[in-house]
Structure formats: C-alpha cells, structure tokens
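Structural features, examined
This is what each chain is made of:
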Amino acid sequence: MVYFASKFIVVALAGFAAAAPLRLTRRAFQEQDYADFQISDGTAGNAQAEANAVFVDPFDGVDLATVDDATLKAVQTMREAAESAETDQFNPQIDAAFGDEATALQNGKIKNKVLKLTGEIQALNIQLAQAQASGDDTSSIQSKISEEQTKLNNNISLDQKASGQPSKGVTGGSAASSSDSSAAASASDSASAAASTTSAASATKTKAANTKSAKASKATSSAAVATPSAPVDAATGTDGSSISFPVQDYAAFQISDGTAGSAQEHANAVFVDPFAGVDLATVDDSIVENINTMREAAESAETDQFNPAIDAASGADADALQNGKIANKVLKLTGEVQALNIKIAKAQAAGSDTSDLESSLADEQKKLTTNIATDQKHAGEAQKGVA
Ligand SMILES: *[C@@H]1O[C@H](CO)[C@@H](O)[C@H](O)[C@H]1NC(C)=O
C-alpha cells in the first residue's frame, strides 16, 4: 500500500516538475563516498536488501531509460569504489587475519561483492533501458547482465548461509584514514575515479603474476600434480593449467558419512592434495579465501548441525554422529592449517614477520593431531554426517 502510494507521488511530482525533469531524476540517486554506502559492517545475511537500498530502491518508479549520464556515471563510480575496496583492502586484510577476525572480514567481503554486483547490474539495466528506447541492439548487454546476475545470486546465497555471523568492513577505525583517496575524494571527480581504476588494474596484474609463477612451479614438479578437472574458477586463471581450487558446497566435500578412522586422509584429499607440488608462496590470495570459505562451512556444520543433532540423538545414532563430528573437526582444522601454511609461505617470501601465524599454526596443529588420534581410536565404527 505504502509502496504503491509512494510510486504515485513520484509520478505526480514528475508531472508537476515537467519544466525541470532532469533535476528530479538526479535527486533520485545521490552519489556517495564508499565509507557512506558500504554495507559490510554488522551482520551477514541481509546483503541483498542492503545493496538494493543503495543501488536499486532510489530508482523505484523511475523509467530507467530517462536516467541521465551523470547519474549512470555515479552508479558506475560507486561500483568501482566497492571493487577497489575488495582488491586493495579486503583481500590483504583477510590474508593478514585469522580466526574470528578473518571470518568476519570474509563475510564483509561477500557482502561487498553483493553490493558491487548489484551496482554493476543496475548500471547495465540503465544502459539496457536506454539502448531499448533508442532501438539499439541489446544482446551483448543482456548476456552481460545474465552473467553478472549468476555471480550475484551465488554471492547472495553465500551471504545468507552466513546469516547472523559478524561481518566486518574495511572503512572503520584507523584503517579508513590510511585507505586510498578515492573514498575521501568526491567520487564525481573524474580524477579520483581514474585513480581507483588504476589501482584495481595493478592489483589484477599482481594476481596474474602470482598465478603465472604458481603455474611455473607446478610445471617443474609435473608428476605430483593432478590434472585440474574442476570448473575453472575466476581466481585461478582461464587456461586450466594453473591451480584450480574452486569453492565447493559443504555437502560436496564433507567427510563425515561412512566409517571412522580415515579422516586425516579424507581431509587431506580436500585441502592438501590439490596443492601437491605447488610452491605455497605462489598461491593466489583468492585461493586462500576459497579455503577459508570452505573451512567456515565445516565450522558452521559443527555448531549449527552436529551439536544439536547429537543432543537430540541417543544410542548408536548419537555415537555415529559423534564420530562424524570428529571427522568434521579433522576436516575443518586441516583447512585452517592449510590456509595458515599458505599465509606463512607467502609472508616468508615477502620477508614479513611470521611469528603470529606460526603460533596460530602450532595451536591448530595440536588440535588437529588430537582429533586425528580420536578418529583413529574409533576406526571401523559407523559415522554419520549432517549434509
Ligand atoms: C561472487 O562474485 C564474484 C565476483 O565478484 C565472482 O567471481 C564469484 O564467482 C561469485 N561467487 C560465487 C560463489 O559464484
């Protein structure tokens, strides 16, 4: 009711303001600095609505074909600012973090992807409406929209999977003041837009270089390396010969069904074996993120599913679930240890201090060793998963 009423008001105002229609269109969408429109602080799970509030809702009741160039450019500039935040801030901060902090930043990064992709699709929808209005061919815009919509849907569901977990952005506290100037400068200044585009481009170059050296080191140790048959992930380059480590759904990589006693081997098959023969220092940041995303899924399975299922079960069923939970702990900790090993290798290669990472590694390795021993003590017993 309210929704329709406000649409009528927009239409009515547009009628009254016929002498200056562009003003009204411009007011519908105000360009903002990244720090003012980012959605990553707070809690995961609601990114879609929060991103729509920034990029879509202001255009409610507006014929997109009538949106002026300055407004379209404002949408694109804000989308670029979100992209720069990802490459220049989220990625390095996630690399440097671990535990709860890394999880919260990873959740914030996914929310930021939802934001960025929502902005991108809105800009494309405006271009589509304009092309349609002027009778131009729209096939390439439409295929781009459907490509980006798929990514958006996937990232929305990742956000929803993490629903209720803490989420952390990159503009809070002192980090904001040291962040790149595109956030501070007015985004309508084309110089600042150009600057953020440049830094995004250089980040991409670094990634490409990393992927290449990973590929090179892989080639030198040919026998140990499995041929990647998984779909090529955006993070891993497009030629299929670089390391492929796409995010899998928990149900596809969990190891808790079957029989206890082989958790170590099964967990290594997920998180360690794909890196056989690879110099970990050359692994791309995005692959560490993929490991973290999967490790978090295993952690959520433990707290959200194993624990309540074990509470509700009894007898043999409870025992099997308990064995499945131990296997899942081995899985989770193996992912965590692998992510830490990559971080340490990269930090060493960069000449950074690794003492924090190494003490984390020692803690997690100890837990892993204990859980492997527990799994082996129950070798041959039934175990049960939750996926
Ligand atoms: C999330 O969005 C990014 C683009 O920012 C895309 O590369 C990635 O594949 C999406 N995630 C999933 C799980 O599809």
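For the chain, the name recorded in an unreviewed UniProt entry is Small secreted protein, with Dichomitus squalens as its organism.

**Considerations on the site of the ligand**
Surveying the vicinity of the ligand reveals the residues Lys113, Lys116, Leu117, Lys151, Asn154, Asn155 and Leu158. Side-chain polar atom of asparagine 154 to an oxygen atom of the ligand: 2.9 Å apart, as the coordinates give it. Protein coverage of the free-state accessible area of the ligand, which is 360 Å², stands at 73%. Listed by contribution, the elements that provide at least two residues to the shell around the ligand are helix H6 (99-133) and helix H7 (139-161). Here the element with the most residues in the shell around the ligand is H7; it accounts for four residues. When its residues are assigned to classes, the shell around the ligand shows two nonpolar, two polar and three charged.

**Section: the side chain of lysine 109**
Tracing the sequence through the fold places lysine 109 in helix H6. The class of lysine 109 is buried, set by a relative accessible area of 2%.

**Focus on the packing of aromatic side chains**
For any two aromatic rings, the description comes down to two numbers: the centre-to-centre distance and the angle of the planes. Applying the stated rule across the entire model yields eight aromatic pairs. Considering the side-chain rings of phenylalanine 37 and phenylalanine 55, the 6.0 Å spacing of their centres and the 70 degrees angle between planes classify their relative orientation as edge-to-face. Of this pair, phenylalanine 37 sits in helix H3 (residues 34-37) while phenylalanine 55 sits in helix H4 (residues 47-55); the two residues are 18 residues apart in sequence, bridging distant segments of the chain. With relative accessibility at 2%, the residue phenylalanine 37 sits in the buried group. Residue class for phenylalanine 55 comes out buried when judged on its relative accessible area of 0%.

**Digging into the packing of helix H13 (residues 285-312) against helix H14 (residues 315-349)**
Viewed as axis vectors pointing N to C, H13 and H14 meet at an angle of 160 degrees, and their least axial separation amounts to 9 Å. In terms of axis orientation, H13 runs roughly antiparallel to H14. Seen from above, H13 lies across H14 with left-handed handedness. Here the residues of the contact of H13 with H14 sort into eleven nonpolar, seven polar and ten charged.

**Brief notes about the pattern of salt bridges**
Across all of its chains, the model carries 15 salt bridges by this definition. Between lysine 332 and glutamate 302 there is a salt bridge, and its shortest N-O distance comes to 3.1 Å. With lysine 332 in helix H14 and glutamate 302 in helix H13, this pair connects stretches of sequence that are 30 residues apart. Across the pair, exposure class does not vary: lysine 332 and glutamate 302 are buried alike. Salt-bridge contacts for lysine 384 lead to aspartate 317; the nearest nitrogen and oxygen are separated by 3.2 Å. Within this pair, whereas lysine 384 is found in the segment after strand E4 (382-383), its partner aspartate 317 is found in helix H14, the two being separated by 67 residues in sequence.

**Focus on the packing of helix H5 (residues 69-96) against H6**
Direction vectors running N to C along H5 and H6 enclose 160 degrees, while the axes themselves pass 9 Å from each other. Considering the angle they form, H5 stands roughly antiparallel to H6. As for the relative orientation of H5 and H6, their crossing is left-handed in sense. When its residues are assigned to classes, the contact of H5 with H6 shows ten nonpolar, nine polar and seven charged.

Scoring rules and cut-offs
- For every chain, the first residue of the written sequence is number 1, and numbering continues from 1 onward in sequence order.
- Owing to the predicted nature of the model, reporting of local features is limited to residues with pLDDT of at least 70; listing and counting of side-chain atom pairs is limited to 80 or more, with chain, interface and lining totals taken over all residues.
- With hydrogens and water stripped out, all remaining heavy atoms of the structure feed into the side-chain values.
- A cutoff of 4 Å decides nearness: a residue is near a molecule or strand if any of its heavy atoms lies inside that distance of it.
- Residues adjacent in sequence count toward polar contacts only when both atoms are side-chain atoms; beyond that, a polar contact is any pair of N or O atoms within 3.5 Å, and within protein one must be able to donate a hydrogen and the other to accept it.
- Each accessible area is a Shrake-Rupley result for a 1.4 Å probe, and residues are judged covered by the shown protein chains and nothing else.
- What counts as a helix is a DSSP run of H or I of at least four residues, what counts as a strand is a run of E of at least two, and both are numbered from the N terminus.
- Basically, the charged four are Asp, Glu, Lys and Arg, the nonpolar ten are Ala, Val, Leu, Ile, Met, Phe, Trp, Tyr, Cys and Pro, and anything else, Gly included, counts as polar.
- Burial here depends on accessible area, computed with a 1.4 Å probe over protein chains only, as a share of the maximum for the residue type. Under 20% is buried, over 50% is exposed, and the range in between is partly exposed.
- Centre distance within 6.5 Å is the pairing criterion for rings of Phe, Tyr and Trp, where only the six-membered ring of Trp is used; planes under 30 degrees apart are then read as stacked, over 60 as edge-to-face, and the remainder as tilted.
- For helices, the axis comes from a line fit to the C-alpha atoms of the stretch in contact; other axes are also lines fit to C-alpha atoms, and the angle between any two N-to-C directions lies between 0 and 180 degrees.
- Roughly parallel means an angle under 35 degrees; roughly antiparallel means over 145; roughly perpendicular covers 65 to 115; every other angle is labelled oblique.
- Helix crossings are classified by the rotation of the near helix relative to the far one: an anticlockwise turn of less than a right angle makes the crossing left-handed, while a clockwise turn makes it right-handed.
- What counts as a salt bridge is simple: a side-chain nitrogen of Lys or Arg found within 4 Å of a carboxyl oxygen of Asp or Glu.

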